[in-house]
Each structure stands twice: as C-alpha cells, then as structure tokens.
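Here's the letter readout for the chains.
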Amino acid sequence: MSLKAGIVGLPNVGKSTLFNAITKKNILSANYPFATIEPNVGVVVVPDKRIDFLNAMYEPKSLVPTTYEFIDIAGLVQGASSGEGLGNKFLSHIREVDAIVEVVRCFDNPEITHVSGSTDPIRDIDIINVELVLSDLDIIENRLDKIEKKALATKDKDSLAEVALLKKIEDALKQNIAVRKLDFNEDEQKIIKNYNLITAKPIIYAANVDEETVSVGDNKYSLLVKEYAEKENSGVIVMCAKMEEELSSFDEEEKNSFLNSMGIASSGLDKLIYATYDLLGLATFFTSGKDEVRAWTFKKGMKAPECAGIIHSDFEKGFIKAEVTSFDDLYNYGSEAKVKEAGRLRLEGKDYLMQDGDICYFRFNV
C-alpha cells in the first residue's frame, strides 16, 4: 500500500529540520519563508523489532520492511487559500497525502524569525487550519454551483443525495468545523472520497520544543497544543526537531546511549512514525522464508483475502486458505516446528480478520 504523510506548518517552525531528521537528507532549511518550494519526498522505514527478529531467524536473501512516504510541504501563510505565498500550489500538494503532520513552533528563539513576530502555537494552528477549511469550502461551493440547480430540476436521487451531503459539509466548514469531525454513512463516505478534502484527513500535531524542554517533557506552549488537540480528538507528539536532526547522524547504539543519558525512552521521531502509522489505522503482517522476509502494511479490519491481494491480485481472486502464525507464538516457541508441535499454526478462511503481527502463507488457485 502506498501511504503518504504530509508535513505542514507556518514558515520557520521546524518542518524542514524535522524532514531532514526523518529522511536523513540535507535539503534546504533556511531562516526565511518559502525556503522549501517543491515538496520534498522521503521514504521512511517504520521501526519494527519484529522484522529484525525474523531476519535473524530466517537469514533471508532479501529483507523488506514497512515503509511510507513523508512529504515536506512548503510553509503556508495566512491567505494561502486565496493564493498568498504560492498557497494554492502548496494546498494542492496536501490533497495528495493520507494524513497530515502539523508542526507547531513551541520554543522561543530571537535568532529564528517567526513569520507572525512572536511564539503563539494556538494562533499558528488556527492560521493553518482556517486556510485548510477555506480551501475545502471553495471546492464544495464550486461543486454546488455546478450541480445544485440541475439536481433540483431533475429530482435525480443520486444528485440530490450529493447536494444534501455537500450542504452538510458546507455548513460545517462555514462554522470552521473540519470534515473529519463529521459523521458520515457508508454511501456518504464514498461520495466525499472523490473530493479529496484536506480537512477530512486525520491530523497529528508535532509540538516542536527546544532541547531543554524535551528532557522534561513539556513547556507552556506544548501544553497549550495538547489542550487544543484533546478538544478535537487529535494526537500530539512533543519533540525537538533540531535534536532529532542531530540524532539522525548517530548509529543505533549511539542514539540509544544519548537518549538514555537524557532519561528519554525513545526518540520523538520514532514516536511520530508510530503515531502517524496508528493515525491511519494501519497494522503489519509478515511473509517469511529463506528467500525473503517482508512486512506488509494493511488497514485494520481487512480480511485475509484482501491482505493476500496486497501481495498480488491473483492471491485474492483465487484465495483458498491462509496459514497463520502469530509473531508472539513464533517468538515464544522459537521456531516454526515448535509452533506446529504446540498446535498454534492456524488455517484461516475468507472471513478471517487479519491481526497485527500475523505471519502468513497464502494458499490460492487461479
């Protein structure tokens, strides 16, 4: 599954610094607005100790971990929805992602210019979120202009249903309510999917603090972000983008030693990757053997044939059964043979809901 998370925020809040840490790429990160023009794309490996265990056990010729893309999108400014600061171009990039990571400046530093002149995370969040709302509202209103009169005249059932849905969304957006906060039935979800609305996408806030703060957990600014996010049922990761960028040059042992010395259990970057993965409702199943150990991303709630189809469409079409071992069983028993001896190898059918950590061999016939 091709998955994308977009990093957004005002200029000079630490987006590109965070992106540097994520991808270990040295992109332009300048102290002025619009240092990033085209979106920078980097493939991120999801840290997973399970695939390391499988790699050590099978010693495969090929190892393929779970990945998805992080996209660094240029800094938005007030008026972006009407084209300020090349806003329309940047907003179109956001429409292509699956989830949004909104970086919020939660530190004071007179040497790093703030586009609004002072540190105020809630003001910054509101500026970004209002622009996203206005951009979606423009799309909804344009669509209503095209179809509403004809739908009312023809009384076409599908068109009238679409108009009613668009009206519902329009009313919410005019009240500055993001589409993701609304409830939709299955038919409505199919309709709105076609519009690729930005505010329908799940969002997580990355509270970018200084190094002094990250060791204690929070400051007055990050606490405000947490309070804001809690009200809209969104997640928050407190991290220091500058420190994460420095850590990205360390090897794993050096990184862990540094974090332990600061009393930090895991890096903010790892937390962000896990949180974004979870935000999208994703999980991982594995295929393993001497030729290849591979992690596959699936959406929670998918059944075995659908997951087989992620590997190849023929696997889904001709699905017969799935031989399934849970990772925990393999880890605890130590080998496939012992898992079988214990009666823990399962044969699952078409209605089996795939679980995170399942190790699968699919039987199919086309």
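Structure shown above.
Residues numbered from 1 in each chain as written. Predicted model: local features only at pLDDT ≥ 70, side-chain atom pairs only at ≥ 80, totals over all residues. Heavy atoms only, no water.

Draft legend 1. Region of the structure containing the sheet that holds strand β1 (residues 4-8). In space, the six strands of this open sheet follow the order β2-β4-β1-β5-β6-β7, with mixed pairing throughout. Because the sheet does not close on itself, it has two edges, and the strands there are β2 (40-45) and β7 (235-239). Sheet twist, expressed as the mean angle between neighbouring strand axes with direction ignored, is 25°. By the bridge criterion, six bridges tie strand β5 (residues 99-105) to strand β6 (residues 203-208) in an arrangement that is parallel. Bridged to Val103 within β6 is Ala206. Across the sheet, helix α1 (residues 15-23) lies against β1, β2, β4 (67-72), β5 and β7, angled at about 155° from β4, the strand it touches most. Lying over the sheet, helix α11 (residues 268-279) contacts β1, β2, β4, β5, β6 and β7, oriented at roughly 165° with respect to β7. (Pairing = 2+ DSSP bridges. Helix = DSSP H or I, 4+ residues; strand = E, 2+ residues; numbered from the N terminus. Axes fitted to C-alpha atoms, helices over the stretch in contact; angles between N-to-C directions. Contact = heavy atoms within 4.5 Å.)

Draft legend 2. Highlighting the nonpolar core. Within the largest apolar cluster, 56 residues are counted, with the highest numbers of intra-cluster contacts made by Leu18, Ile22, Tyr68, Phe70, Ile94, Ile100 and Leu272. Once residues within four sequence positions are removed from consideration, Ile22 is found in contact with Ile7, Val44, Phe70, Leu269 and Leu272. By size, the runner-up hydrophobic cluster in this structure holds 18 residues, among which are Leu137, Ile147, Val163 and Ile192. (Core = buried A, V, L, I, M, F, W, Y, C linked by side-chain atoms within 4.5 Å. Buried < 20%, exposed > 50% of the residue type's maximum accessible area, 1.4 Å probe, protein only.)

Draft legend 3. Structural view of unusual backbone geometry. Even without a glycine there, the phi angle at Glu59 is positive, about 45°. Assignment of secondary structure puts Glu59 in the loop between α2 (49-58) and β3 (62-64).

Draft legend 4. Spatial organisation of the pairing of strand β10 (residues 319-326). As judged from the seven bridges shared by β10 and strand β12 (residues 358-364), these two strands associate in the antiparallel manner. Paired with Glu323 across the bridge in β12 is Tyr361.

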